[in-house]
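Okay, here's what each chain looks like letter by letter:
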Protein chains: 2
Amino acid sequence: MASMIFTDCSPSTTAARLLPFSHSRLRSNCSSFFIRRLVGPHHVGTTSLRATLGVHSSSSSSHVIKATMSTEASAKIIDGKAVAKQIRDEITAEVSRMKDAIGVVPGLAVILVGDRKDSATYVRNKKKACDSVGINSFEVHLPEDSSEHEVLKFISGFNDDPSIHGILVQLPLPSHMNEQNVLNAVSLEKDVDGFHPLNIGRLAMRGREPLFVPCTPKGCIELLHRYDIDIKGKKAVVIGRSNIVGMPAALLLQREDATISIVHSRTKNPEKITKQADIIISAVGQPNMVRGSWIKPGAVIIDVGINPVEDAKSPRGYRLVGDVCYEEACQVASAITPVPGGVGPMTIAMLLSNTVSSAKRAHNFQ
Amino acid sequence: MASMIFTDCSPSTTAARLLPFSHSRLRSNCSSFFIRRLVGPHHVGTTSLRATLGVHSSSSSSHVIKATMSTEASAKIIDGKAVAKQIRDEITAEVSRMKDAIGVVPGLAVILVGDRKDSATYVRNKKKACDSVGINSFEVHLPEDSSEHEVLKFISGFNDDPSIHGILVQLPLPSHMNEQNVLNAVSLEKDVDGFHPLNIGRLAMRGREPLFVPCTPKGCIELLHRYDIDIKGKKAVVIGRSNIVGMPAALLLQREDATISIVHSRTKNPEKITKQADIIISAVGQPNMVRGSWIKPGAVIIDVGINPVEDAKSPRGYRLVGDVCYEEACQVASAITPVPGGVGPMTIAMLLSNTVSSAKRAHNFQ
């Protein structure tokens, strides 16, 4: 599969890099890429979302969003940014209800070690997201040369602190620390990342319930639910088998009665297997690997990849693309998440959701 | 898939029930079923196994068995009984070496509650198997109306007893007990069944190692190894997603770099998916469900099902068949486990293996 990495997937060799579309326009409507007609971005607030995507006002499940088909032969856009906003609004209401009823405010502690810029950005975004929904956030920032023992001491303190309901250790840790030791130290009841093997084991087992489900795969499934996409009995292919996305995504799909296949770096003919899928979740980190020819007409695509590729036309000199060749996929799939603005915003929304669930469980609040 | 249950899969309606073959002959050579030529049973001792299946005497891995193709167009028989015997011989030597070196004898405790005849038989067989390899076995037999508390008390005692290295609670438990509570009480270090969710989680996760792997799926993979059947890069289909066989079998195959698909009761077109497999592991308990038409020519089949079907010609009035229609499969597959005599004997061999591994780990004995 390694030989199938592409940084550009346009049918013409000049396409993606030479078209004078801004980043946000590139992902606004995939067919516009080919027919050269610009439409507005789909990353809109709840009101526009309802107008654009036709929210079921009569649905028994009020949060189900039904995307309407475009008049063009293009895929529906699964708008993760809008759904994440909707979820954050729901969480805000829930946090407020909890505070009013029992005086408890959910709390999330984040431990950051070292000075990686990307990690610092992630942590800052998590803090901002907590603030926006009313969750208390606590941050510990330790220097790169801290000892594992120091990190463990902070975890232990947070484990014992009843005002903390979720503990998150920002990865990667400096190489002198044993990641497994550190993650295992987080109390199972506060493992809002859902990475503890006991949580994964419960996720894999029928009749068992994990305390937490890892945020990114949970966000993928939530998108399918909110767009009212059937999973039961469908053939789902997960591309990638990482501990944090691919593997738990496959387990989640199986819990919902999909028939799963898992494609990975050792898979022969990944395109042939992928082409059988009604639902594709791709999480490999290979830009534009999944081509249009890999996709069954009408398939639903959840693209977890967020890959920077060179783009001289972008002010930053690069742009972000998914694992799936978006413009090709749009011509074949029935629905697809854009990158960015698809799964990305869902991950933090699910982290907030897990933190609130944890606080509710700790205080037996329904 | 429920509509696809067959108790008989012969091409003629009269075949399986009317042919005057004894039980053991039925599974001796599948093509004989059609050409009406009887050959001797393949369930032979190690010496004959070498002659029949051509053990690699020059192989760098001394335990690899290479099955030679029959001159007839029939599948190789994967002889679980012979392999299990070979493994028990290896375990006998290992137990003896450990006793001589450090004076420790591995110990397995089995807890049986109630009077189910099948459970009593299983427990008796486990005890006999322990005796045959020199493992100490301890049995507790509690009456049907025992309390959960009493069972937990025994588990606690075994957890604390350094002469016990494996604890096995025979399932099913009486309905008034919470199976999950009871199984969770078994110390992780003595969970030789490998059913603890922490073990399953580690099995699912890359870079983690379970302390124990569940015995039946471990036995399936061991058969593939001992017959030198490549797994890496192969397409494997697991039929059934139970906690004790199907799900862990899929996780094990994935750990060995197979591309897995999991077929279950909600799968549409199970035959179409199954037919793509290079390796099929079936564990659904549906007699003869997998027909010849489900199997890709040359596939390898591991049949975990042990299903009794009526057979007036058998002295017992029934005979045991697998999930796979054996006589049809033999015409298509390259290798297949018979039922009985395939996976069945491997389960107890793996239990003994897990018990010895546990004792070695407890005493840091290499």
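In this report, we go over the structure that sits alongside the text. Quick caveat, the model's predicted, so the values are computed rather than measured.

1. Comments concerning a negative patch on the surface
All names here are of chain A.
Okay, step 1: Together, Asp115, Glu144, Asp145 and Glu150 make up a negatively charged patch on the protein surface.
Okay, step 2: Examined against the element boundaries, Asp145 turns out to sit in the loop between strand 3 (136-142) and helix 7 (148-160).
Okay, step 3: Residue Asp145 is classed as exposed on the basis of its relative accessible area of 66%.

2. Observations concerning the interface of chain B and chain A
Okay, step 1: Tallying the contact residues gives 34 residues for chain B and 34 residues for chain A.
Okay, step 2: Between chain B and chain A lies a buried interface of about 3,300 Å² when both sides are counted; carbon and sulfur atoms form 51% of it.
Okay, step 3: If you look at where chain B meets chain A, you find four salt bridges.
Okay, step 4: Across the pair Arg266(B) and Asp257(A) runs a salt bridge whose closest N-O atoms are separated by 3.9 Å.
Okay, step 5: Summed over the shared surface of chain B and chain A, the result is 16 residue pairs in polar contact (both at pLDDT 80 or more).
Okay, step 6: Within the residue set of the side of chain B that touches chain A, elements represented by two or more residues are helix 8 (179-185), helix 9 (197-204), helix 11 (246-255) and strand 6 (259-263) of chain B.
Okay, step 7: Counting residues per element, the side of chain B that touches chain A draws most heavily on helix 9 of chain B, which supplies six residues.

3. Examining helix 6 (residues 117-133) of chain B
All names here are of chain B.
Okay, step 1: With 17 residues, helix 6 ought to run about 24 Å at 1.5 Å a step, and its terminal C-alpha atoms sit 25 Å apart, in line with that.
Okay, step 2: Listed in full, the buried residues belonging to helix 6 are Ser119, Val123, Lys126, Ala129, Cys130 and Val133. For helix 6, the arc enclosing every buried residue in end-on projection is 120 degrees, short of the 170-degree limit, so these residues lie on one face. Exposed positions of helix 6 whose direction lies more than 90 degrees from the buried face are Lys117 and Lys128.

4. Things to note about unusual backbone geometry
Okay, step 1: Cis geometry marks the peptide bond from Leu171(A) to Pro172(A), where omega comes out at 0 degrees.
Okay, step 2: Tracing the backbone through its elements, the reader meets Pro172(A) in the loop between strand 4 (166-169) and helix 8 (179-185).
Okay, step 3: With omega at -5 degrees, the peptide bond leading from Val339(B) into Pro340(B) counts as cis.
Okay, step 4: Mapped onto the elements of the fold, Pro340(B) is located in the loop between strand 11 (335-336) and helix 14 (344-362).
Okay, step 5: The backbone phi angle of Asp257(A) is positive, close to 70 degrees, even though this residue is not glycine.
Okay, step 6: Turning to its location among the elements, Asp257(A) is positioned in the loop between helix 11 (246-255) and strand 6 (259-263).
Okay, step 7: For Asp257(A), a relative accessible area of 14% translates into the label buried.
Okay, step 8: Although it is not a glycine, Asn364(B) adopts a positive phi angle of roughly 50 degrees.
Okay, step 9: Looking at where Asn364(B) falls in the secondary structure, it is placed in the segment after helix 14.

5. Side note on the relation of the copies chain B and chain A
The operation relating the two chain copies consists of a rotation about an axis and a shift along that axis.
Okay, step 1: Under the fitted operation, chain B is carried onto chain A by 0.0 Å of movement along the axis and a turn of 180 degrees, and the coordinates agree to an RMSD of 0.0 Å. These values place the two chain copies in the arrangement generated by a two-fold rotation axis. If distances are taken from each C-alpha of chain B to the rotation axis, the shortest is found for Gly201(B), at 1.7 Å.
Okay, step 2: Mapped onto chain A, 100% of the interface residues of chain B again fall at the interface, so both copies present the same surface.

6. What about the nonpolar core?
Okay, step 1: With 112 residues, the main nonpolar core has Leu224(A), Leu253(A), Ile281(A), Leu224(B), Leu253(B) and Ile281(B) as its most contacted residues.
Okay, step 2: Both domain 1 (2-81 + 213-346) and domain 2 (104-202 + 348-362) of chain A contribute no fewer than three residues apiece to this core.
Okay, step 3: Among residues more than four places away in sequence, those in contact with Ile281(A) are Cys220(A), Ile221(A), Val237(A), Val238(A), Ile239(A), Ala249(A), Leu253(A), Ile302(A) and Val304(A).

7. Brief notes about the pattern of salt bridges
Residue and element names in this part refer to chain A.
Okay, step 1: All chains considered together, the criterion is met by 26 salt bridges over all chains.
Okay, step 2: As a salt-bridge pair, Glu94 and Lys360 come within 2.6 Å of each other at their nearest N and O atoms. With a gap of 266 residues between them, Glu94 in helix 5 (residues 80-102) and Lys360 in helix 14 (residues 344-362) connect regions that are remote in the sequence.
Okay, step 3: In this structure, Arg291 and Glu328 form a salt bridge, with 2.6 Å as the shortest nitrogen-oxygen distance. Linking Arg291 in the loop between strand 7 (279-282) and strand 8 (300-303) with Glu328 in helix 13 (residues 326-330), this pair joins segments that are 37 residues apart in sequence.
Okay, step 4: It is possible to trace a salt-bridge network through shared partners that takes in Glu90, Glu222 and Arg226.

Thresholds, definitions, all that
- Residues numbered from 1 in each chain as written.
- Chains lettered and ligands numbered in written order.
- Predicted model: local features only at pLDDT ≥ 70, side-chain atom pairs only at ≥ 80, totals over all residues.
- Heavy atoms only, no water.
- Patch = residues over 30% accessible without salt bridge, like charges linked within 9 Å, V, L, I, M, F, W, Y side chains within 5 Å.
- Areas by Shrake-Rupley, 256 points an atom, 1.4 Å probe, with all protein chains shown as cover.
- Salt bridge = Lys/Arg side-chain N within 4 Å of Asp/Glu carboxyl O.
- Lys, Arg positive; Asp, Glu negative; His and termini not counted.
- Charge placed at Lys NZ, Arg CZ, Asp CG, Glu CD.
- Helix = DSSP H or I, 4+ residues; strand = E, 2+ residues; numbered from the N terminus.
- Buried < 20%, exposed > 50% of the residue type's maximum accessible area, 1.4 Å probe, protein only.
- Contact = heavy atoms within 4.5 Å.
- Buried area = accessible area lost by both parts, 1.4 Å probe.
- Polar contact = N/O pair within 3.5 Å; in protein donor to acceptor, adjacent residues only side chain to side chain.
- Expected span 1.5 Å × (residues − 1).
- Arc of directions from axis to C-beta.
- Least-squares fit on C-alpha atoms with pLDDT ≥ 70 in both.
- Core = buried A, V, L, I, M, F, W, Y, C linked by side-chain atoms within 4.5 Å.
- Domains from an automatic or database assignment.

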